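If you want the building blocks of each chain, they are given just below.
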Amino acid sequence: MKNILTLTLAAMAIITMGSKTYKTNTIKFSGEKYFTFIDNNRYDTLQDRFNQMCLVKQKTKVSTNKINNTWCVTVNNKVLISVTKQDATLHNSKPKALANKWANKLNKNIDSIKPLK
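Residues numbered from 1 in each chain as written. Predicted model: local features only at pLDDT ≥ 70, side-chain atom pairs only at ≥ 80, totals over all residues. Heavy atoms only, no water.

1. Observations concerning the overall build of the chain
When you go through the chain residue by residue, the secondary structure sums to four helices and five strands. Tracing the chain from N to C terminus, the helices and strands come up as α-β-β-α-β-β-β-α-α. Among the 117 residues that make up the chain, the fraction classed as buried is 31%. Sequence separation of 24 or more characterises 48% of the internal contacts of the chain that already satisfy a separation of 6 or more. For the chain, the accessible surface area stands at approximately 8,400 Å², while carbon and sulfur atoms represent 52% of it. (Helix = DSSP H or I, 4+ residues; strand = E, 2+ residues; numbered from the N terminus. Buried < 20%, exposed > 50% of the residue type's maximum accessible area, 1.4 Å probe, protein only. Contact = heavy atoms within 4.5 Å. Areas by Shrake-Rupley, 256 points an atom, 1.4 Å probe, with all protein chains shown as cover.)

What follows is the structure, encoded as structure tokens:
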């Protein structure tokens, strides 16, 4: 019995070794979820960037770009949000595909989006 318990504990240690718990956060515009991401203190920066984007009265261009080897959603050529490897893992996606998904969703609704509170 003791050997089974030891084997079980050893197996659990191996399975959970290297796993981390991440805090996620979600940005919602007009009640709709747009980005769910690994937070790591990114929410306030994203909120500030988004609100600045909403204040621009010119035509808004949403796209994805690879900046410093990281896929990003950009608005008028300024980074709105970068897609980390952890974000992609959270969404069971690749960083480029997730950036495209986020950019497309934002682009479809850009005219109706209001600043975050």
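After that view of the structure, there is still more to cover.
2. So, the sheet that holds strand β3 (residues 62-67)
Taken in spatial order, the three strands of this open sheet run β3-β4-β5, and their pairing is antiparallel. Every interior strand has two partners, whereas the edge strands, β3 and β5 (78-82), have only one. Averaged over all pairs of adjacent strands, the angle between their axes in this sheet comes to 40 degrees, without regard to strand direction. Helix α2 (residues 43-55) contacts β4 (70-75) and β5 of the sheet and is inclined by roughly 140 degrees relative to β5. Contacting β3, β4 and β5, helix α4 (residues 95-109) crosses the sheet at an angle of about 10 degrees to β4. (Pairing = 2+ DSSP bridges. Axes fitted to C-alpha atoms, helices over the stretch in contact; angles between N-to-C directions.)

3. With respect to the pairing of β5
With four bridges connecting them, β4 and β5 associate as antiparallel partners. When the bridges of β5 are listed, valine 75 appears paired with lysine 78. Here β4 hands over to β5 after two residues, with asparagine 76 in that stretch at a positive phi of 50 degrees.

4. Some remarks on the confidence of the model for the chain
Of the residues in the chain, 73% reach a pLDDT of 70 or more, and the chain-wide mean stands at 76. For the chain, helix α1 (residues 2-16) is the element with the lowest average pLDDT, namely 36, and β3 is the one with the highest, namely 94. Between residues 1-18, whose pLDDT stays under 50, and residues either more than four places distant or in other chains, the model counts zero contacts. (pLDDT = per-residue confidence, 0-100.)

5. Some remarks on the environment of cysteine 72
Mapped onto the elements, cysteine 72 comes out in strand β4. By relative accessible area, which is 4% here, cysteine 72 ends up buried. As for cysteine 72 and lysine 96, which are separated by 24 residues in sequence, their C-alpha atoms are 8.1 Å apart. For cysteine 72, the contacting residues outside a window of four places in its chain are Ser63, Thr64, Asn65, Ile67, Val79, Ile81, Ser82 and Ala99.

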